[in-house]
Amino acid sequence: MNGLRIFFTRLRSLFGKRRLDADLDIELRSHLDALTEDNIRHGMSPDDARHSARRAFGGIEQTKEAYRDRRGLPFLETLAQDVRFGARMLIKNPGFTLVAILTLALGIGANTAIFSVADTFLLHPIPLPGLDRLAVVAVGQKAPAAVADFFDWRAQAQSFQGLAAFRSRDINVTGKGEPERVYGAEVTADFFSSAGVLPALGRGFVAGEDQFGRDPVAILGHGLWQRRFAANPAMLGESIEIDGQKSTIVGIMDREFDFPVPTDVWIPLALTQREIADRAGMSLHVFGALKPGISIGRAQAEMTAIESRLAAAYPATNKDRVLRVMPLAEFVQGSLTRAYTTLLLCVVGIVLLVACANVANLQFARATSRRSEIALRAALGASRWRIARQLLTESLLLSVLGAAASLAFAKLCLGLLVSNMPAYVVRLWAGFSHIRLDGRSFVFTFVAAVVSGILAGVLPAMETSRLDAGDALKESGRGTTAGRRVQRLRNIFVVAQVAVALVLLAGAGLLVKGFHQMAGSADAFAPEQVLTLAVDLPASRYAEPADRLAFYRKALDALASLPGARSAAAFSCYPLSNNGTSWEFFQVEGRVAPDQRHSPWADAQSVSPEYFRLMRVPIVAGRVLAEADREDSQPVAIVNQKLARLQWPGESAVGKRIRMGAPDSSGPWLTVVGVAADVLYDWTSRVPQSTIYLPLPQAPNAVSLLAIRTDVDPASYVQATRARIAAIDPNLPAFDVKTLALAIHESTVGLGYTDGMMAVLGLIALAVAVVGVYGVMANSVGERTHEFGVRMALGAQPRDVLWLASRRGLLIAAAGFAIGVPAAIACARLLAALVYGASPSDPATFIGVPLLLGFAVSVACYIPARRAMRVDPLVALRYE
Amino acid sequence: MPSSKAEVLQGTLDLIVLKTLDTLGPLHGYGIAQRIQQVSEDLLHLNQGTLYPALLRLEQRGWITSKWGVSDNNRKAKFYSLTKSGRKQLAAEAESWERMAALIGRLLASAEGT
C-alpha cells in the first residue's frame, strides 16, 4: 500500500518539476538566510556568517540532487532524458534515421499484416463468443459422423454441455422472386444454443422442430435477407419455398454470423427413422461446448472410450472408426490454410530478423563516428551500463518509430489483400471477411517493435560501450576505423543478410514460377471463350438417372442452339479446380486386386461427347466418345495417358477393359475406346492423376457442370444461358455462371496470393540486404578515405583503389552466396514438400536469383567504391 | 555517495525528526536543524542540507505533512507537522530503539565484566 503511494507521489512529481524545483529553492534559501542571520546575531561579519552557514548546511547542489532523486523516479527521468537525447541524435542524422525507420517499418509492417491474417485464419476464423471452448468430434481427420453414432455420442458423452450436429447442403430457394441457389445447412434444434448465438431477429429453433414431419421452418442469414428480401423485418413469419417446400421464416441471423462457412439458410435437420438408424453413411459434423474444466484431452479420452464400445457393439460399421476431438477453430480452417499461413509466418519472421540485422549494422556504423562522444561520457564517469542503456534506448526509439510507420504499411498490405480477393472466395474462406488490424494486431506490433529494438540494439550497445575511453580520446578528432571485433560482427551480419535474401528470393521465385506454369497451362483450354454454369438437380424431382439424363440432353440442345455458341458440353469437373474431383477405385480385367486397399484409383468423371473438343483435350489414341455411346449400348470409357501408362505399360490401352469400384463390385466391364491427353484437374495434386472419362448417358449422376464455347466474349451469354435453363425447369437455378478463365482464377487465387506475398517478402529481403551491403561499403570507404588518399598520392591507379574499396563488399557477397545457394537448394526441397506449386529444382531460378542479387550487390558496392576512386589525394590528406 | 554509514544515520535521523516534531509541534526545516543542534549540544554534527531529503522521505511515507507558512523572522518557509500515522511510527521506532539500546548496553556491560 505504502509502496504504491510512494510510487504515485513520485510519479506525480515528474510533472510540474519546475514548480517543485522552485519550491525547494525557496525552502533551502530561507534556511541559509536564517542560518546567516543567526550567525550575524552571534557577532560574525556578514561574509563570515555566510560562509559559516554554507559550511553548516553542506553542499547545496548535492542536497538538491539527493532531494530530486528522492522526489521523482530516477529510472523514468533517466529514460526520459535518454529518449530526449536519443531523439536529438536521430534528428541530427536524418539519413541514418530514415533508412533505419523505413527498414523497420517494412519488416514490422509485413509481420503485422501476416500476423493479422494468421490470427484470424488460425485462431479466430469465426466470430463466435465461446469459440475457445467449442470442440468438434470428427471421424478420422475431419470426416463427418454417422447419424446413429451421433445419437449415441449425444446420449453418452459427459464432457460436453451438449452435442449439436449440422450438415451443409446447397438449397434452391424459390417463390418471391427468381429461383436462387444458396448455401444451406441442416442443423439440430440445439445448434444455435450450442454455438452460443441467438438470431438478431426472431428466434432460434426449438426442441422438436428437428423431428421429421414437422412444419418446415427456416432461419435466414443476414446476407440473403438483405439481398433477396431487402432487409425487410416483416419477412419474419412469412414463408418461402426451400427445395420446393413451403417453410416459415422464424429467425434472421446477425451480419457477422456465418457458420458453417458459408451458410445463407439454416433449416432443421429432420431425419427419418431410417436415417436415424443409419450407422454406415457418414454425413453429420458434430460439435459442442466443453464443460468448464474439461480439456480437449479429457473429451478425447471419453469419446475414444465411447467409440470403442460402439465398435464392439457394431463391428460391421464401426470397427475401424477413430474419433478425433479438435478445437472448432482448427476444424473450420481450410486444409491448405494452415500450411501456407505457417510458411508465411516463418518467412516474414526471417524478413524481420534481416531488417534487425540491417539496423544493427547501421548502428555499428554510427557508433564508430560517435566514438569521441561516447569516450567523453565514459571519461566523465558514465558507467558502461549507462552508455549501453543510452544506445539501447536509441535503438528502441527507432523501432517504436518504425512500428508506428509500419502500421500504415500493414494497413496498405491488408487492404490490397482483402480488396482484390473475389467475393466468391471471401465467402467460402472462413475468417477472410474479418481480417483487419485490431487490438491484437496493435499489441503484436508493439511487442515486435520492442523485440526488434532490442535485437537490433543489443550488440551495438554492448560493443560500443566496451570502448576504452583513453584510447578513443587520443584518436578523437580524426576519422577512425571501427575495432576488429565490430568489423567482424558487421561482416557476419551482412553475409547473413545476403544469404537469407538469396534463400527467400529463390523460394519466392520457385513458388511464383510454379504458379505461373500452372496458370499458364490453363491457356491450353482457351478458357476465355468458355462459359461454365452449374446446376444441382434436386433428388426429389430427378430421382431416376433417366430423368437426369433427359434434363441434360434438353439443356445441351438448348445451350448449343444459342446463336454464336460453337459447342456445349456437360461434365463433372473443370481443369485446375481444387474440388469436384471424385476419386474412385477401379479394377483392370485380368488383374483384379485382392482387396480394396490394393486397388488402383482414378478420378472418375462423366462427360458428354462434345467435352473433349470444347475443353480442347486431345484424344491421342482410339476414338472420342460419341452420341452412339448410349445408356443401353456397350459400356465404354476413355482413360488418360497416365492411367494407360500405369496400367498397360508398353501396350495400347484401347480395347482393354476396366470395372469401377472395389474388387467385389458388380458393375459392368467398361471397354477403353480412347486415350486422352493428361489434364491437371485438381491442382492440389501437383501433377495430373489417373483419370477415367465415362459417357454421360452411362453415368448421369456424376455430372454437375455445363459449358459452352463461343466465338465472342462468353460473358455476354450469362443471361441467355440462365434463361435457357429456366425454360427447361423454372424452379432450377443455374449458378456459378462464369467464364472458365474466371473459374480457374478463383480456384487458384489463394495460391497466387501466397506466392505474391512470398515475392513481396523476397523483394523486401533483397532491398534490405542491398541497403545493408551499401551501408557497410559506404562506411568502410568513408573510414578509409585517408588511406586511399595516401595510396593515390603514392601512385596507386584509380582502378587499384576501386578494387581495394569494393573488395570487402564483393567478399561479403561471395560468402553470402556460398552459404545462400546450398541453403536455398535445401529449402526448395522443404518448400516443395510443404506447399503446392513449387518445383524443387528449377535451374532458371537458381541461376536467375543469384544473378539478380549479384547485380544488386555489385551496384551497392560500386557506388561507394567509385567515390573512393575519385578521392582527391590532396583533399583527403588535408582532411586530417 | 551514501555508504553504510548513511544508512545508520538515516534511521536515526528519521527518529530524531519525528521526535522533534512531536515535542515542538509544526516546525520548518531550519527550526528542526536548530533543535537537533541544541539537544545534541553540538555532539552530533549534521550537514543541515541532508535534512531535506529526509523530510521528503518522511512525507512520502505519510508520516509528516508540510504546509507553506511564514517564519518568526517573516520568511516564507515550509512547516512540517506530524501525522497520525507518523505518531504511531514514532512510538514504534522509539520502542525498537530503546530495545536495541538496552541490548547494546547489556552486551557492553557483560563484555566489561569478563
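Here, the structure is the one placed above.
Residues numbered from 1 in each chain as written. Chains lettered and ligands numbered in written order. Predicted model: local features only at pLDDT ≥ 70, side-chain atom pairs only at ≥ 80, totals over all residues.

> In this structure, what is going on with the overall build of chain B? I would like to understand it.
A count of helical and extended segments in chain B gives four helices and three strands. When the elements of chain B are put in sequence order from the N terminus, they spell out α-β-α-α-β-β-α. Looking at chain B as a whole, 28% of its 114 residues are labelled buried. Looking at chain B alone, contacts between residues at least 24 apart form 49% of all its contacts between residues at least 6 apart. (Helix = DSSP H or I, 4+ residues; strand = E, 2+ residues; numbered from the N terminus. Buried ≥ 20, exposed ≤ 12 C-beta atoms within 10 Å, placed from the backbone. Contact = placed C-beta atoms within 7 Å.)

> Hey, could you run me through the environment of leucine 90 of chain B in this one?
All names here are of chain B. Inspection of the secondary structure assignment puts leucine 90 in helix H4 (residues 84-113). For leucine 90, a count of 19 C-beta atoms within 10 Å puts it in the partly exposed group. In the structure, leucine 90 is positioned 75 residues away from leucine 15 in sequence and 6.6 Å away in space, judged by C-alpha atoms. Each residue touching leucine 90, except ones within four places of it in the same chain, is listed here: Leu18, Lys19 and Asp22.

> Teacher, can you tell me more about the environment of valine 332 of chain A here?
Residues and elements named next belong to chain A. One can find valine 332 in helix H13 (residues 328-332). The class of valine 332 is buried, set by 22 C-beta atoms lying within 10 Å. Separated by 271 residues in sequence, valine 332 and glutamate 61 have C-alpha atoms that sit 68 Å apart. Residue contacts for valine 332: discarding those within four places in its chain leaves Pro125, Ile126, Val261 and Ala430.

> What should I look at first to understand unusual backbone geometry in this one?
Of all residues except glycine, most have a negative phi; of all peptide bonds, most are trans. All names here are of chain A. Cis rather than trans, the peptide bond between phenylalanine 259 and proline 260 has omega equal to -10°. Within the fold, proline 260 resides in the loop between strand S8 (245-252) and strand S9 (265-268). Residue proline 262 follows valine 261 across a cis peptide bond; omega there is -10°. Along the chain, proline 262 falls in the loop between S8 and S9. Despite not being glycine, alanine 230 shows a phi value in the positive range, around 50°. The residue alanine 230 is located in the loop between helix H9 (222-229) and strand S7 (239-242) in this model. Exposure remark for alanine 230: the 8 C-beta atoms within 10 Å place this residue in the exposed category.

> Explanation requested: the interface of chain B and chain A in the structure shown.
A common way to report how large an interface is uses the accessible area buried once the components associate. The interface of chain B with chain A comprises 19 residues on the first partner and 24 residues on the second. Where the side of chain B that touches chain A is concerned, the elements lending two or more residues are helix H2 (29-39), helix H3 (51-60) and strand S3 (76-82) of chain B. The element contributing the most residues to the side of chain B that touches chain A is H3 of chain B, with five residues. When the residues that make up the side of chain B that touches chain A are grouped by side-chain class, the tally is five nonpolar, nine polar and five charged. (Nonpolar A, V, L, I, M, F, W, Y, C, P; charged D, E, K, R; others polar.)

> Which parts of the structure should I look at to understand the packing of helix H14 (residues 337-369) of chain A against helix H18 (residues 439-465) of chain A?
A packed helix pair is summarised by two numbers, namely the angle formed by the two axes and the spacing between the axes. Residue and element names in this part refer to chain A. With their axes 9 Å apart at the nearest point, H14 and H18 run at an angle of 35° to one another. Relative to H18, the crossing made by H14 is right-handed. On H18, the residues touching Leu352, Cys356, Val359, Ala360, Gln363, Phe364 and Ala367 of H14 are Ala448, Ser452, Leu455, Ala456, Gly457, Leu459, Pro460 and Thr464. Of the residues assigned to the contact of H14 with H18, the class counts are eleven nonpolar, four polar and no charged. (Axes fitted to C-alpha atoms, helices over the stretch in contact; angles between N-to-C directions. Left-handed = near helix turned anticlockwise from the far one by under 90°.)

> Explain the sheet that holds S3 of chain B here, please?
By way of backbone hydrogen bonds, the strands of a sheet pair with one another, either parallel or antiparallel. All names here are of chain B. The sheet built from three strands is open, its strands ordered S1-S3-S2 with antiparallel pairing. Single-partner strands in this sheet number two, and they are strand S1 (27-28) and strand S2 (64-70). Where S1 lies against S3, two bridges are found, and the strand directions are antiparallel. Bridged to leucine 27 within S3 is tyrosine 80. (Pairing = 2+ DSSP bridges.)

> Even after reading the chapter, I still don't get the pairing of strand S12 (residues 530-534) of chain A, so can you show me in this structure?
Both faces of the sheet carry side chains from a regular strand, because those side chains alternate between them. All names here are of chain A. With four of five residues buried, S12 is to be regarded as a mostly interior element. Strand direction decides the pairing type here: S12 and strand S21 (residues 705-710), joined by five bridges, are antiparallel. Within S21, the residue paired with valine 530 across the bridge is arginine 709.

> Whenever I open this one, the nonpolar core confuses me. Can you help?
Soluble globular proteins: nonpolar side chains tend toward being buried together. Residues and elements named next belong to chain A. Val498, Ala501, Leu761, Ala765 and Val773 are the most contacted members of the largest nonpolar core, which has 167 residues in total. Residue contacts for valine 498: discarding those within four places in its chain leaves Ala769, Val773, Ile812, Ala813, Gly816, Gly820, Leu853 and Val857. Within the second largest apolar cluster, 67 residues are counted, among which are Ala522, Leu559, Val639 and Val675. (Core = buried A, V, L, I, M, F, W, Y, C linked by C-beta atoms within 7 Å.)

> Can you help me understand helix H4 (residues 60-71) of chain A in this one?
One full turn of an α-helix is made of 3.6 residues, so residues set three or four places apart face in the same direction. All names here are of chain A. Here H4 is twelve residues long and its end C-alpha atoms lie 16 Å apart, about the 16 Å a rise of 1.5 Å per residue gives. Inspection of H4 places Thr63, Tyr67 and Arg71 among the buried residues, and these make up the whole buried set. The arc that holds every buried residue of H4, seen down its axis, measures 65°, which confines them to one face. Of the residues in H4, the exposed ones pointing more than 90 degrees away from the buried face are Glu61 and Glu65. (Expected span 1.5 Å × (residues − 1). Arc of directions from axis to C-beta.)

Function cannot be inferred from these measures alone, as they are strictly geometric.
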